[in-house]
Amino acid sequence: MKSVLEGRPALKEEIDKIAEVAGYLWQNGWAERNGGNITVNITDLVDDGIKALPAIGEVKRIGATLPALKGTYFYCKGTGKRMRDLARRPMDNGSIIRVLDDCESYAIIADKEVLPTSELPSHLSVHARLIEKGSPYKATVHTHPIELIAMSHNKKFMKKDVLTNILWSMIPETKAFCPLGLGMVPYELPGSVELANATLNALEEYDVVMWEKHGVFAKGLDVMDAFDQIDVLSKSAKIYIDAKCMGFTPDGMSEEQMKEMTVAFNLPR
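Rules used throughout
- Residues numbered from 1 in each chain as written.
- Predicted model: local features only at pLDDT ≥ 70, side-chain atom pairs only at ≥ 80, totals over all residues.
- Heavy atoms only, no water.
- Salt bridge = Lys/Arg side-chain N within 4 Å of Asp/Glu carboxyl O.
- Helix = DSSP H or I, 4+ residues; strand = E, 2+ residues; numbered from the N terminus.
- Buried < 20%, exposed > 50% of the residue type's maximum accessible area, 1.4 Å probe, protein only.
- 1 Å grid on protein atoms, 1.4 Å probe; cavity = no way out; pocket = protein on both sides within 12 Å on 5 of 7 lines; lining within 4 Å.
- Points joined across faces, edges and corners; volume = space filled by probe spheres on them.
- Nonpolar A, V, L, I, M, F, W, Y, C, P; charged D, E, K, R; others polar.
- Contact = heavy atoms within 4.5 Å.
- Pairing = 2+ DSSP bridges.
- Core = buried A, V, L, I, M, F, W, Y, C linked by side-chain atoms within 4.5 Å.

> I would appreciate a short explanation of the pattern of salt bridges in the present structure.
Pairing between side chains of opposite charge can happen when their charged atoms approach one another. One pass over the structure, following the stated rule, counts 16 salt bridges. Salt-bridge contacts for Glu104 lead to Arg61; the nearest nitrogen and oxygen are separated by 3.0 Å. Highlighted residues: Glu104 in the loop between strand S4 (94-99) and strand S5 (105-110) and Arg61 in strand S2 (residues 60-61), separated in sequence by 43 residues. In this structure Arg61 comes out as exposed when scored by relative accessible area, which is 59%. A salt bridge links Asp92 to Lys112; its shortest N-O distance comes to 2.7 Å. Of this pair, Asp92 sits in the loop between helix H3 (83-88) and S4 while Lys112 sits in the loop between S5 and helix H4 (120-132), and the two are 20 residues apart along the sequence.

> Would you mind going over empty space enclosed by the protein with me for this structure?
Throughout the structure, instances matching the rule amount to 2 cavities of 30 Å³ or more. In this structure, the largest cavity occupies an estimated 50 Å³ of space. Ranked by the residues each element gives to the lining of the largest cavity, the list is headed by H4, at 3 residues. Partitioning the lining of the largest cavity into residue classes produces 4 nonpolar, no polar and 4 charged. Computed from the structure, the second largest cavity encloses a volume of approximately 40 Å³. Taken together, Glu119, Ser122, Gly191, Leu195, Ala196, Thr199 and Trp211 make up the full set of residues lining the second largest cavity. The element that contributes the greatest number of residues to the lining of the second largest cavity is helix H8 (residues 193-202), accounting for 3 residues.

> Even after reading the chapter, I still don't get the environment of Ile166, so can you show me in this structure?
Assignment of secondary structure puts Ile166 in helix H6 (residues 162-170). In sequence terms Ile166 and Met253 are 87 residues apart; their C-alpha atoms lie 8.9 Å from each other. Those residues in contact with Ile166 that sit more than four places away from it in its chain are Met151, Phe157 and Tyr240.

> Explanation requested: the pairing of strand S1 (residues 37-41) in the structure shown.
The element S1 is largely enclosed, with a buried count of 5 among its 5 residues. Bridge analysis of S1 against strand S6 (residues 139-143) gives 4 bridges, and the strand direction is antiparallel. In the strand pairing of S6, Thr39 is matched with Thr140. The pairing of S1 with strand S3 (residues 73-77) spans 3 bridges and is classified as antiparallel. When the sheet's bridge partners are listed, Thr39 is paired in S3 with Cys76.

> What is the right way to look at the nonpolar core in this model?
As a rule of thumb, nonpolar side chains are buried together in soluble globular proteins. The biggest cluster of nonpolar side chains holds 50 residues, and the ones touching the most others in it are Leu25, Ile38, Ile96 and Leu182. Counting residues per element, this core draws most heavily on helix H9 (residues 223-245), at 9 residues. Residue contacts for Leu182: discarding those within four places in its chain leaves Leu148, Leu163, Thr164, Leu167, Tyr206, Val208, Val209, Met210 and Leu233. Judged by nonpolar contacts, the second largest core, of 12 residues, contains Ile62, Leu66, Phe74 and Leu124.

Quick look at the structure:
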């Protein structure tokens, strides 16, 4: 069967980028079994030919009514699919969906009937909020970075901006490339409405959110941007934990040094 990507280089480049990030998540040990999700708003890359494609299988309910998503298109990782497989075969382990005019249902249109992640309502709710705000962000990534999850098991790190300031202070690049820091969401049942709402609220202030004892959820200009922010935060967590394993608490950059970074790089915080 001919893939929807054939003859559409811009769309193929975007899907290839998603596959590349899926590989990084697996290689880093952040995507055990079918762990993690990726959704990307590809509406700007959709042509009339794609818009004319019929639904594959039955129309599905989103589980939420999202008026901002009327007529939008997304690439979604498939439910139960592994990141390591998505990295090699993105259109066998994910699909392209169209949000229908009722704004509460969707249809899979390419390439195969691969049902999207079970956390689709949470991801699409974030995308709807981004569109409502006129945000240029197109991608959301959920994954399980080992060291960051380990640090979330310490209640003192779950207090607002405690972990942000620790991670920023470990290496200058973290503050430069994740300038909003890390939002903290206390434990909620995975896939629950409560977790979705708490994540939406935290993403008003942060680009990356820590789900206590679970993983992180990031939004970005594209999938690589979302990954990069998680990556720099994870590097800082590793530096902190390595220092603790050597028997000392790392000094970190001073407040004065971090203020200097904020001014020098014109950072928001």
